[in-house]
Amino acid sequence: MGKHTQNCTLIGKGVYGTIGVDQRSRLADGAHFHTMIVTSTLEASVIEGDKLVIKSGIVRCDGDIRVSSISGSGDIEVGGDIICDEITFTGKLRCNGDIVCSGNLSVNGSLQGTRHISGQTVHLNGVLKGHDINSRALEVHPLRSTMFSRFDMDGYEDGSTVRHITAVTVEANHLQCQTLTADSAMLRNGSAVESATCATAIGIDRTSSVLLVNGDCQRIHLKTA
């Protein structure tokens, strides 16, 4: 499999080593790659391959993305599911289906529209909007920058919302959640949970709240940042 540099608008069916997308392109069904590097706009019905690398590019996929890893920065919009080993991404990631990572998922920016998210660890710096999360460790931290309002970058200062969380450890800031089940959970900066079930400990700062705490766990009063 040799290097394929994209010089036209259609990437045809076949098996490729490296595909470089440096102009608006469409990936045909049945195209498989070892590495795809997107510096422009890529459209596809499905994306299947090994490494998907986005360098300030845009990826729009109507169906599923099935790759070993997603990395880089830019904008990803997926109509179906994302099935992968690992995600390390900066920017906006919108997925109407499930995100299933066998390894770790890390996003700096926004992760929105997902139904189910699973990964060994889920780390989000920014805004998370989803239905339910299942992971070993979940961390949610807000992004704070004056550039958001200065450059009309909407959405990055919103709070995160997840209906159901199941994890071993949870560290959340500015998060709204209906039900949370964890071994231990630390909630800060205006987090609000309707019902939490913790086996070991639950920590809450003075700006956060939990309506109902289930389980005989230790209550910890956290300092407000």
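Residues numbered from 1 in each chain as written. Predicted model: local features only at pLDDT ≥ 70, side-chain atom pairs only at ≥ 80, totals over all residues. Heavy atoms only, no water.

### Comments concerning the overall build of the protein
Secondary structure summary: the protein contains one helix and 18 strands in total. Counting only contacts in the protein whose residues sit at least 6 apart along the sequence, the fraction spanning at least 24 positions is 11%. Carbon and sulfur atoms provide 49% of the accessible area of the protein, an area that totals close to 10,500 Å². (Helix = DSSP H or I, 4+ residues; strand = E, 2+ residues; numbered from the N terminus. Contact = heavy atoms within 4.5 Å. Areas by Shrake-Rupley, 256 points an atom, 1.4 Å probe, with all protein chains shown as cover.)

### Comments concerning the nonpolar core
One finds Ile47, Ile65, Ile82, Ile87 and Leu180 to be the most contacted residues of the largest nonpolar core, which totals 56 residues. Ranked by the residues each element gives to this core, the list is headed by strand 13 (residues 104-141), at ten residues. Apart from the residues within four sequence positions on either side, Leu180 is in contact with Ile165, Val170, Ala185, Leu187, Val193, Ser195, Ala196, Thr197 and Cys198. (Core = buried A, V, L, I, M, F, W, Y, C linked by side-chain atoms within 4.5 Å. Buried < 20%, exposed > 50% of the residue type's maximum accessible area, 1.4 Å probe, protein only.)

### Some thoughts on unusual backbone geometry
In this model, Ser56 sits at a positive phi of 55 degrees, which is unusual for a non-glycine residue. Topologically, Ser56 is positioned in strand 7 (residues 47-61). We note that His174 has phi near 55 degrees; this positive angle belongs to a residue other than glycine. Structurally, His174 is set in the loop between strand 14 (160-173) and strand 15 (175-188). You can call His174 partly exposed: its relative accessible area is 31%.

### With respect to the pattern of salt bridges
Tallying each qualifying case throughout the model produces seven salt bridges. The salt bridge partner of Glu43 is Arg24, with a shortest N-O separation of 2.5 Å. Of this pair, Glu43 sits in strand 6 (residues 41-44) while Arg24 sits in the loop between strand 3 (14-21) and strand 4 (25-27), placing them 19 residues apart in sequence. Asp62 is the salt-bridge partner of Arg26, the closest N and O atoms lying 3.8 Å from each other. One end of the pair, Arg26, is in strand 4; the other, Asp62, is in the loop between strand 7 and strand 8 (65-66), and 36 residues separate them in sequence. Residue classification places Arg26 among the partly exposed positions, given a relative accessible area of 30%. Classification of Asp62 as exposed rests on a relative accessible area of 57%. Look at the salt bridges and you will find they share partners, linking Asp75, Glu77 and Arg94 into a network. (Salt bridge = Lys/Arg side-chain N within 4 Å of Asp/Glu carboxyl O.)

### What to know about the confidence of the model for the protein
Low pLDDT means the predicted coordinates in that region are not meant to be read closely. Averaged over the protein, the pLDDT score is 90; the fraction of residues at 70 or greater is 90%. Note that residues 1-7 has pLDDT below 50 and, in this model, 17 contacts with residues that lie over four places away or in other chains. (pLDDT = per-residue confidence, 0-100.)

### A short note on the environment of Val46
When you line up the elements, Val46 lands in the loop between strand 6 and strand 7. On a C-alpha basis, the gap between Val46 and Gly63 in space is 5.1 Å, while along the polypeptide they are 17 residues apart. Other than its neighbours up to four places away in sequence, Val46 contacts Leu27, Asp29, Cys61 and Asp64.

### Focus: the pairing of strand 9 (residues 69-78)
Across ten bridges, the pairing between strand 7 and strand 9 is parallel. From the neighbouring strand, Val59 faces strand 9, where its bridge partner is Ile76. Relative to strand 11 (residues 86-95), strand 9 is paired through ten bridges, and the arrangement is parallel. What sits directly across from Ser71, in strand 11, is Thr88. (Pairing = 2+ DSSP bridges.)

### Topic: the side chain of Asp132
If you trace the backbone, Asp132 turns up in strand 13. At 8.0 Å, Arg115 is the nearest oppositely charged side chain to Asp132, a buried residue that forms no salt bridge. Looking at Asp132, its side chain comes within polar contact range of the side chain of His116, at 2.3 Å. (Lys, Arg positive; Asp, Glu negative; His and termini not counted. Polar contact = N/O pair within 3.5 Å; in protein donor to acceptor, adjacent residues only side chain to side chain.)

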